[in-house]
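# Fold and geometry: a report
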Amino acid sequence: MSAPERIPARSVSAPTDLAALDLLTRGELEVRGQIREASNAVLLCTVTHEGREATCVYKPVRGERPLWDFPDGTLAQREVAAYEVSEALGWGLVPPTVLRDGPYGEGMCQLWIDGPEEPAEGDRLLALVDGEEPGEGWKAIGFAEVGEGRTALLVHADDPRLRRLSVLDAVINNGDRKGGHLLLDTTGRLYGIDHGVTFNAEDKLRTLLWGWAGEPLTEEATAALETLRDRLGATEPLAARLGALITATELDAVRERVAELLRTGRHREPGGDWPAIPWPPV
């Protein structure tokens, strides 16, 4: 009997890999362990189907902690909705993600991302630097205490991959874009993960990626947002899929955020009473 064919994360081709989605949807899940540091239940699994195999993350709904400001739907549904929007933008920034039954009931199932043991020097995404200016190739986030009464400037890379992710976060109203939610695979491709606290109708954007705040959107981003706007039309398949995952009010809020980005032609800026940067930031 031959060994199953592995589907590593690096083989997933943007914007959609039907083989990975089919495997995640139809494959048999075997729980290998639990990721303890997560705030909700996160199970590391192997998924196998018809000679194919991959590592994935399974987050059962029954393991979610209730959130007062996200009373409707589930975190698992929001994770899948974030994947749908990422794919509609054409950037493939979220690993293949599906909603399915598993050993502990319905939950989100997402392809595991294998990263390098040590990121290459040019792939550093976050850093702490001395001084008040970020330096060439970096964007300032804010000052952070580093002990003994010292502060340092927290910066993120001036990287087109992160810039695309900042646009996605503005669209989905991501309330928790931390450094630990940024993953690079072995080819240097960037993914964002942990999208359970997204799509709220109220402004809850909290992110480390404020470096482009107020700057003009790129032509690429504008074109992607125009495509997304069209796909969010009431009779479009994407709108129907999102309508099964988030509320009608939340879906209308997505449309409004896309329209506002296109109207201003600029990256979002912090605003409102909601803290702009998540804590802890990594």
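Below: a short report on this structure.

Cut-off values and rules
- Residues numbered from 1 in each chain as written.
- Predicted model: local features only at pLDDT ≥ 70, side-chain atom pairs only at ≥ 80, totals over all residues.
- Heavy atoms only, no water.
- Helix = DSSP H or I, 4+ residues; strand = E, 2+ residues; numbered from the N terminus.
- Rg over C-alpha atoms; globule rule 2.2 N^0.38 Å.
- Buried < 20%, exposed > 50% of the residue type's maximum accessible area, 1.4 Å probe, protein only.
- Contact = heavy atoms within 4.5 Å.
- Areas by Shrake-Rupley, 256 points an atom, 1.4 Å probe, with all protein chains shown as cover.
- Axes fitted to C-alpha atoms, helices over the stretch in contact; angles between N-to-C directions.
- Parallel < 35°, antiparallel > 145°, perpendicular 65-115°, else oblique.
- Left-handed = near helix turned anticlockwise from the far one by under 90°.
- Nonpolar A, V, L, I, M, F, W, Y, C, P; charged D, E, K, R; others polar.
- 1 Å grid on protein atoms, 1.4 Å probe; cavity = no way out; pocket = protein on both sides within 12 Å on 5 of 7 lines; lining within 4 Å.
- Points joined across faces, edges and corners; volume = space filled by probe spheres on them.
- Salt bridge = Lys/Arg side-chain N within 4 Å of Asp/Glu carboxyl O.

## What to know about the overall build of the protein chain
Helix and strand counts for the protein chain come out as six helices and eleven strands. By the compact-globule yardstick of 19 Å for 282 residues, the protein chain fits well, its C-alpha radius of gyration being 19 Å. When the 282 residues of the protein chain are sorted by exposure, 49% land in the buried category. Considering only intrachain contacts with a sequence separation of at least 6, the fraction spanning at least 24 residues in the protein chain is 66%. As displayed, the protein chain has an accessible area near 14,000 Å², and 49% of this comes from carbon and sulfur atoms.

## Observations regarding the packing of helix α2 (residues 75-89) against helix α3 (residues 160-172)
As a packed pair, α2 and α3 sit with axes 11 Å apart at the nearest point and diverge in direction by 130°. Taken together, the axis directions place α2 and α3 in an arrangement best described as oblique. Of the two elements, α2 crosses α3, and the hand of that crossing is right-handed. Side by side, α2 and α3 meet where Ala82, Val85, Ser86 and Leu89 of the first sit next to Leu168, Val171 and Ile172 of the second. Of the residues in the contact of α2 with α3, the class split is six nonpolar, one polar and no charged.

## Topic: empty space enclosed by the protein
This model, assessed by the stated rule, comprises four cavities of 30 Å³ or more. Roughly 100 Å³ of volume is contained in the largest cavity. As for the largest cavity, its lining consists of 14 residues, of which Ser166, Leu209, Trp210, His267 and Arg268 are closest to the centre. Top contributing element to the lining of the largest cavity by residue count: α3, with four residues. Residues of the lining of the largest cavity, tallied by class, amount to nine nonpolar, three polar and two charged.

## Let's talk about unusual backbone geometry
Most peptide bonds adopt trans geometry, and most residues besides glycine take a negative phi value. At Glu50, a position not held by glycine, the phi torsion is positive, near 50°. Along the chain, the position of Glu50 falls in the loop between β3 (43-49) and β4 (52-60). With phi around 70°, Phe199 is a residue other than glycine that occupies positive phi space. Counting through the fold element by element, Phe199 comes out in the loop between β11 (190-192) and α4 (219-231).

## Thoughts on the layout of surface pockets
Its boundaries defined by the atoms lining it, the largest pocket holds a volume of some 940 Å³. If you trace the largest pocket, you find 38 residues lining it, with Ala38, Ser39, Lys59, His181 and Asp194 closest to the centre. Going through the elements one at a time, β4, α2 and β6 (105-111) are the ones with two or more residues in the lining of the largest pocket. Grouping the constituent residues of the lining of the largest pocket by class yields 19 nonpolar, eight polar and eleven charged.

## A few points about the pattern of salt bridges
Tallying each qualifying case throughout the model produces 17 salt bridges. Ionic pairing is found between Glu215 and Lys139, a salt bridge with its closest N-O pair at 2.7 Å. Of this pair, Glu215 sits in the loop between β11 and α4 while Lys139 sits in strand β8 (residues 138-147), placing them 76 residues apart in sequence. A residue is classified by how much of its surface remains accessible, and Glu215, at 26% relative accessible area, is partly exposed. Overall, the relative accessible area of 16% leaves Lys139 in the buried class.

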